[in-house]
Amino acid sequence: MTKRILSDKQVGQYFQDGYLLVSGLIPDQVSAKAEEKMWQELGFTPNEPKSWEGAESVFHSNDADLIACYTDDFLSATTQLSGDEPATFHKPSGIFAINTYPSEGKWDWPHPHIDHAIKEHGHKSLPRPFRIAAMTYINDVDQHGGGTVVWPESHHKIRMLLESDIEKYEYVWKLGKDIRTVGLDNPVELIPRKGDILFYHYFCAHAGSKNTSNRPRFAYNAKW
Ligand SMILES: O=C(O)CCC(=O)C(=O)O
Ligand SMILES: [Fe+2]
């Protein structure tokens, strides 16, 4: 049995919008330790912008304090939203961070994409490219500070696009190329707090956004 960690309202919201931002699945001390460890592992110093100049966005680590954010409650919520068998969900053995560093210039709405849409990777649209994805934020994000942007209900529209021509859209990269034709509107810029998790559906249109704040945004991505 899956432990019911999320309310019916939260699960309903996920099905309606194609994403859900959840707080409270990672104890504060665990996310705080993860943030501290991220700084250490990267070798950067908070409040010293020079220390992260030219930093790469992507960062992998198998550090136990970083992995600790994947709590039992986190996994239970992942399982609950996907509707799949709990035994088929495993805790990631490492973290894959997508960190966003402060950059000059004006904030603007980013272009949407769906994941697993790289042609060379050859992911198929059916039955689905993956089950569910999660972004885990390990520090507070200000407005225009690199919060993920999501397009509510885009997963329904993209599903309809796929069903309009299943042969044409056999591969996710083909579907990804045409998502702008489905009338994606009203994007939402998320403003997550430390320890928040964004769960998103495999056809949820989303994007990273420019960080115009004065501190890096640290977040992990995982897919099941
Ligand atoms: O950085 C983000 O907020 C989103 C990243 C993303 O969409 C991706 O890496 O596929
Ligand atoms: Fe993405």
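Whatever comes next refers back to the structure up there.
A brief look at the structure comes next. Everything quoted here is computed from the prediction, not taken from an experiment.

## Topic: the site of ligand 1
Near ligand 1, the surroundings consist of I98, H113, D115, M135, T148, H206, G208 and R217. Contact between ligand 1 and H113: an oxygen atom at 3.1 Å from a side-chain N or O atom of the residue. In the model, an oxygen atom of ligand 1 is placed 3.0 Å from a nitrogen or oxygen of the H206 side chain. Contact with the protein chains hides 83% of the accessible area of ligand 1, taken as 290 Å² for the molecule alone. The residue inventory of the shell around ligand 1, partitioned by class, reads two nonpolar, four polar and two charged.

## Examining helix α5 (residues 154-164)
When α5 is considered as a whole, its buried residues turn out to be S154, H155, I158, L161 and L162. All buried residues of α5 project into a common sector of 120° when viewed along the axis, lining one side. Exposed and oriented more than 90 degrees from the buried face of α5 are M160, E163 and S164. Close packing links the buried residues of α5 with α1 (8-17), α6 (172-177) and β7 (197-201).

## Brief notes about the coordination of the iron ion (ligand 2)
Six octahedral donors around a metal ideally subtend angles of 90 or 180 degrees, whereas four tetrahedral donors ideally subtend 109.5 degrees. Protein ligation of the iron ion (ligand 2) involves H113 (NE2), D115 (OD) and H206 (NE2), the donor distances falling in the range 2.1 Å. When the donor residues of the iron ion (ligand 2) are listed from N- to C-terminus, their spacing reads H-x1-D-x90-H. In this pair, D115 sits in the loop between β3 (95-98) and β4 (132-137) while H206 sits in strand β8 (residues 206-207), placing the two residues 91 residues apart along the sequence. Like H206, D115 is buried.

## Considering the packing of aromatic side chains
Applying the stated criterion across every chain, the model contains 12 aromatic pairs. On the numbers, 6.3 Å between centres and 80° between planes, the contact of Y70 with W224 is edge-to-face. Of this pair, Y70 sits in the loop between α3 (64-67) and α4 (72-82) while W224 sits in the segment after β9 (219-223), and the two are 154 residues apart along the sequence. Considered together, Y70 and W224 belong to a single accessibility category, that of buried residues. Aromatic side chains F130 and Y202 sit 6.4 Å apart centroid to centroid with 80° between the ring planes, which places their arrangement in the edge-to-face category. Placement of F130 in the loop between β3 and β4 and of Y202 in the loop between β7 and β8 is noted, with a sequence separation of 72 residues between them. The two residues F130 and Y202 agree in class, both being buried. The cationic tip of R131 hangs over the ring face of F89; the distance from NZ or CZ to the ring centre is 4.0 Å. K223 extends its terminal NZ or CZ atom over the ring of F130, reaching a point 5.7 Å from the ring centre.

## Some remarks on the pairing of β9
Counting buried residues in β9 gives four out of five residues, a clear majority hidden from the surface. By the bridge criterion, five bridges tie β4 to β9 in an arrangement that is antiparallel. From the neighbouring strand, M135 faces β9, where its bridge partner is N221.

## Overview of α4
With nine of 11 residues buried, α4 is to be regarded as a mostly interior element. What α4 keeps buried is the set F74, L75, S76, A77, T78, T79, Q80, L81 and S82. Residues of α4 that are buried make contact with α1, β1 (19-22), β4 and β7. Looking at the residues trailing α4, positive phi occurs at G83, about 75°.

## Regarding unusual backbone geometry
Put simply, L126 and P127 share a cis peptide bond, and its omega is 0°. Positionally, P127 belongs in the loop between β3 and β4. At H116, a residue that is not glycine, the phi angle is positive and equals roughly 60°. By the secondary structure assignment, H116 is in the loop between β3 and β4.

## A short note on the sheet that holds β8
One open sheet accounts for three strands, arranged β6-β5-β8; its pairing is antiparallel. Both outer strands of the open sheet, β6 (188-189) and β8, are each paired with one neighbouring strand and no more. As paired strands, strand β5 (residues 149-150) and β6 are joined by two bridges and run antiparallel to one another. In the sheet register, V149 faces β6, and the bridge partner there is E189.

What counts and how
- Residues numbered from 1 in each chain as written.
- Chains lettered and ligands numbered in written order.
- Predicted model: local features only at pLDDT ≥ 70, side-chain atom pairs only at ≥ 80, totals over all residues.
- Heavy atoms only, no water.
- Near = heavy atom within 4 Å.
- Polar contact = N/O pair within 3.5 Å; in protein donor to acceptor, adjacent residues only side chain to side chain.
- Areas by Shrake-Rupley, 256 points an atom, 1.4 Å probe, with all protein chains shown as cover.
- Nonpolar A, V, L, I, M, F, W, Y, C, P; charged D, E, K, R; others polar.
- Buried < 20%, exposed > 50% of the residue type's maximum accessible area, 1.4 Å probe, protein only.
- Helix = DSSP H or I, 4+ residues; strand = E, 2+ residues; numbered from the N terminus.
- Arc of directions from axis to C-beta.
- Contact = heavy atoms within 4.5 Å.
- Donors = N, O, S within 2.8 Å, 3.2 Å for Na, K, Ca; no water.
- Phe/Tyr/Trp six-rings, centres within 6.5 Å; stacked < 30°, edge-to-face > 60°.
- Lys NZ or Arg CZ within 6 Å of the ring centre and 35° of its normal.
- Pairing = 2+ DSSP bridges.

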